[in-house]
Amino acid sequence: MAAVKADNHGMRLASRYAVLILVAIIFVFPLLFMVMSSLKPSAQLLLDTKSLRAFLPVGDLSFQNYTDAFARAPIGVFVFNSVLVTGITVLLCLFVCSLAAFAFVFIDWGGKAVIFSVLLATLIIPYETIFIPLLLMVSQLPWIGADGFELGWLNTYRVQIAPFIADALSIFLFVQFFKDLPKELIEASRVEGASWWSIYRRVVMPLSGPVIATAAILKFLFMYNQYLWPLMVVQEEAIRPVMVGLGYFTDQLNVPWGEVMAYLTIITVPVLGFYLSLQRVFISSVASTGVKG
Amino acid sequence: MADVKLKGLKKSYGEVQVIKGVDIDIKNGEFVVFVGPSGCGKSTLLRMIAGLEDITGGTLEIGSKVVNEVPASERGIAMVFQSYAIFPHMTVRENIAFGLTIAKTPKAEKEAKVAEAARILQMEHLLDRRPSQLSGGQRQRVAIGRAITRNPEVFLFDEPLSNLDAALRLDMRMEIGKLHKSLDATMIYVTHDQVEAMTLADKIVVLKDGYVQQMGAPMDLYHRPENLFVAGFIGAPSMNFLDVDIVAQDANSAKVRSSVVAEFAAPVWREGVGQTPRATLGLRPQDLRPVTEGGILQGTVTLAERLGTETVVDIRLSDGQRVLASLGEDRVFEPGETIHLDFDHDRAHLFAPASDQEKEAAQTAA
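Residues numbered from 1 in each chain as written. Chains lettered and ligands numbered in written order. Predicted model: local features only at pLDDT ≥ 70, side-chain atom pairs only at ≥ 80, totals over all residues. Heavy atoms only, no water.

### Some words on the domain arrangement of chain A
When the parts of a complex come together, some accessible area is lost, and that lost area is often used as the size of the interface. All names here are of chain A. In plain terms, the rule: Domains are outlined according to an automatic or database domain assignment. By definition in these notes, contact holds between two residues if any of their heavy atoms fall within 4.5 Å. As a working definition, buried area equals the accessible area (1.4 Å probe) given up by two parts on being put together, with both sides summed. A side-chain nitrogen of Lys or Arg and a carboxyl oxygen of Asp or Glu constitute a salt bridge if their distance falls within 4 Å. Any pair of N or O atoms that falls within 3.5 Å is considered a polar contact. Within protein, one atom must be able to donate a hydrogen and the other to accept it, and sequence-neighbouring residues count only if both atoms are side-chain atoms. A run of DSSP states H or I qualifies as a helix once it reaches four residues; a run of E qualifies as a strand once it reaches two. Both are numbered from the N-terminal end.
Under the domain assignment used here, chain A contains domain 1 (1-62) and domain 2 (76-289). On a C-alpha basis, the centres of domain 1 and domain 2 stand 33 Å from each other. The interface is formed by 10 residues belonging to domain 1 together with eight residues belonging to domain 2. Summing both sides of the interface, domain 1 and domain 2 together bury roughly 660 Å²; the carbon and sulfur share of this comes to 80%. Our count for the contact surface shared by domain 1 and domain 2 stands at zero salt bridges. The interface formed by domain 1 and domain 2 holds one residue pair in polar contact (both at pLDDT 80 or more) in total. Elements that contribute at least two residues to the side of domain 1 that touches domain 2 include exactly α1 (2-38) and α2 (42-48). Counting residues per element, the side of domain 1 that touches domain 2 draws most heavily on α1, which supplies six residues.

Written out as structure tokens, the structure is:
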């Protein structure tokens, strides 16, 4: 009996792993294709797409595409810009959205239910629909910088950051997480004399690791993948992000696919690095709450 | 340490009134326990004293100062919650010192206070652990430690032992009793466990539906309950209630009987008794004793539970009413056996006639 039971258990485990491996392969293949293609000359790359060779390190392999890609576009600048804009936006978003959620969950104030409903309703509005009015607005905004007073935010880092600091999805994620925190912890803090700011800083945020990781990853991906908005508001090469930089590799007649793949491989590294650093917390968050992400 | 005075205290949530005018006078150093069934408003009342709930009406004084509008942190109180409410990301030391850290207390003073609280609660060896490494009892001790370091005028406990298992509950109950004696602090304690109430309290306040039913020393409530609800709520097993007719009455006593109760004279002191020829007779299960024949009650044993130190007998009277007798000895009774019961007549309680629902509500609330 015991042997049969153990066999059944083994079979179940094996089939479960088989499914997981299959899913993993499906997700890994595009990445594998990208990396392998980046090592092949364009002509061979296109030929290989007809067979499984596209996923294998076979044929004439070299880093020539990488050298060419770096020669064609200031990739370092683009990656730096994207990491800077994305990093600052993520940090500000975590701060602002968690504060907003804190106010929605823990502090009593008139009209918060209505305001929260309106906020949630904005989830269904795609950014693309507001980009034109937003563009008109940012082109008129004042700023006092090193050169004194100026008008218009175009061609700056801040125009790539400010519109995306607060977003309804991040606030919603924080609200859902905060609601599940034990109310007594907040009440105990109040009795102990903690101000709202102290409660936020010393009690709520240290307990919010999972939702911080989730919101950070989602925001990071959203910001890093930004294309349309920076294309509209940034014309200077020095402050362009990576996705706009992709335009350097296409023209109407000829696409250097090997270089494109090399470029994509390079710009994927920061995303993978960021995701892997938060992966453990992210997965525990998704698994434990089922609502995050 | 301070007096606490509740004067006509009321609390409403919209149209629903949950505390309907409560007057309680708590003296400096007193241990007062709020008891009552679920939903009676005892926790709400405690939270109003703590400053965690707004006060709708009446005044609350702590140390002869009205504190209705004073924030929780400035009322001179410390609170221990049912769920411990200790911070999982901090060590025991940081938890205990939380209030002091917030108040920016100098480091040396903070460490001294934490050490003192740890010594009182015998948890010096736990100071560098995290809450996840502690047992339920230890966690509750951390919560109490946090309260002690605040050196509050009033300690508030909201069902602090409810989450502990029976053995630990007994230990912690004794520790809280000792703590009260050593700190000599005013303590207000909410529980639905009447054993905690009876053993810890200097004064018990019995609440029901947002009203105070009775308050007084535990034994006063046990021996002289003012109404049917308190009589049924205090004491375990619950008091037996039987309908009787009053056949004669003088200033201090009334002769009562019914089809199942032989005639006897019971003391009369409660309001409302004797205004009608009917009354409700209350008999504590512990006051009943078996006699070989005669006695006031006679019935058939349906179940007997032998607990070693006592035997709880479930008896059905000839009219179908049920009586529990808690006999202070180990005796064997067989189901179906006839039993005669008597009691000290001065220990009988007469109440104004009550409906079956009122009787049941009083008995099941405990």
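### Concerning the pairing of strand β8 (residues 186-191) of chain B
All names here are of chain B. Applicable threshold: Burial classification: accessible surface area is computed with a 1.4 Å probe over protein chains only, and a residue below 20% of its type maximum counts as buried, one above 50% as exposed, and the rest as partly exposed. Strand pairing is assigned whenever DSSP detects at least two bridges linking the two strands.
Of all six residues making up β8, six are buried, and the element is well covered by its neighbours. Bridging between strand β3 (residues 31-35) and β8 involves five bridges; their strand directions are parallel. Counterpart to Phe31 in the pairing with β8 is Met187. Summarising the sheet, strand β7 (residues 154-158) and β8 pair through five bridges and their orientation is parallel.

### Overview of the sheet that holds strand β11 (residues 240-249) of chain B
All names here are of chain B. Which entries qualify depends on this criterion: Whenever a helix is involved, its axis is fitted only over the stretch in contact; in every case the axis is a line through C-alpha atoms, and angles between N-to-C directions fall within 0 to 180 degrees.
Taken in spatial order, the five strands of this open sheet run β13-β12-β11-β14-β20, and their pairing is antiparallel. The open sheet terminates on both sides in strands that have one partner only, identified here as β13 (264-267) and β20 (349-351). Along the sheet, successive strands turn relative to each other by an average axial angle of 50°, direction set aside. Across three bridges, the pairing between strand β14 (residues 278-283) and β20 is antiparallel. Note on β20: the bridge partner recorded for Gly282 is His349.

### Examining the UniProt feature "transmembrane region" (unreviewed entry) in chain A
Convention followed: UniProt positions are given in the numbering used here, feature names are shortened, and annotations may be inferred rather than shown by experiment.
Here the UniProt-annotated "transmembrane region" (unreviewed entry) positions come out as residues 17-39, 83-107, 114-137, 157-178, 199-222 and 260-278 of chain A. Secondary structure over residues 17-39 of chain A splits into 96% helix and 0% strand, and the C-alpha atoms at its two ends are 31 Å apart.

### Here's the deal with the interface of chain A and chain B
Listed per partner, the contact involves 16 residues of chain A and 22 residues of chain B. For the pair chain A and chain B, the summed buried area comes to about 1,600 Å², and 67% of that belongs to carbon and sulfur atoms. Considering only the side of chain A, the residues that lose the most area to chain B are A:Val191, A:Glu192 and A:Arg202, jointly responsible for 42% of the buried surface there. The tally of links from chain A across to chain B stands at two salt bridges. The salt bridge partner of B:Arg47 is A:Glu187, with a shortest N-O separation of 2.5 Å.

### With respect to the domain arrangement of chain B
Residue and element names in this part refer to chain B. Along its sequence, chain B is organised into domain 1 (4-229) and domain 2 (235-365). A straight line from the C-alpha centre of domain 1 to that of domain 2 covers 37 Å. At the interface, 11 residues of domain 1 touch 18 residues of domain 2. Summed over both sides, the interface of domain 1 with domain 2 buries roughly 1,200 Å², with 63% coming from carbon and sulfur.

### Digging into the UniProt feature "domain: ABC transporter" (unreviewed entry) in chain B
Mapped onto the present numbering, the UniProt feature "domain: ABC transporter" (unreviewed entry) falls on residues 4-234 of chain B. Annotated as 36% helix and 26% strand, the span residues 4-234 of chain B places its first and last C-alpha atoms 25 Å apart.

### Here's the deal with the environment of B:Leu179
All names here are of chain B. Relative to the helices and strands, Leu179 is located in helix α6 (residues 166-183). A sequence separation of 31 residues divides Leu179 from Ile148, and the C-alpha atoms of the two residues are 9.7 Å apart. Setting aside chain neighbours within four positions, we find Leu179 in contact with Ile120, Ile144, Ile148, Asp184 and Met187.

### Remarks on the nonpolar core
The condition is simple: Buried Ala, Val, Leu, Ile, Met, Phe, Trp, Tyr and Cys residues form a nonpolar core when they are joined through side-chain atoms within 4.5 Å.
The biggest cluster of nonpolar side chains holds 87 residues, and the ones touching the most others in it are A:Phe174, A:Phe178, B:Leu6, B:Phe34, B:Leu45, B:Leu156 and B:Ile188. Here this core gets 11 residues from one element, more than from any other, and that element is helix α4 (residues 75-106) of chain A. Not counting residues up to four positions away in its chain, the partners in contact with A:Phe178 are A:Ser98, A:Ala101, A:Phe102, A:Val105, A:Phe106, A:Val204, A:Met205 and A:Ser208. Residues B:Ala143, B:Phe155, B:Ile204 and B:Leu228 belong to the second largest nonpolar core, which totals 52 residues.

### Details of helix α8 (residues 168-180) of chain A
All names here are of chain A. To be explicit about the condition: Helices are assigned an expected span. That span is 1.5 Å times one less than the residue count.
Taking 1.5 Å of rise per residue, 13 residues should cover 18 Å, and α8 covers 19 Å from first to last C-alpha, within 8% of that figure. Of all the positions in α8, only Ala168, Ser170, Ile171, Leu173, Phe174, Val175, Phe177 and Phe178 are classed as buried. Where the residues of α8 are buried, they touch α4, α5 (112-121), α10 (196-204) and α11 (209-224). With a side-chain oxygen lying 3.2 Å from the backbone nitrogen of Leu169, the N-terminal cap of α8 falls on Asp167.

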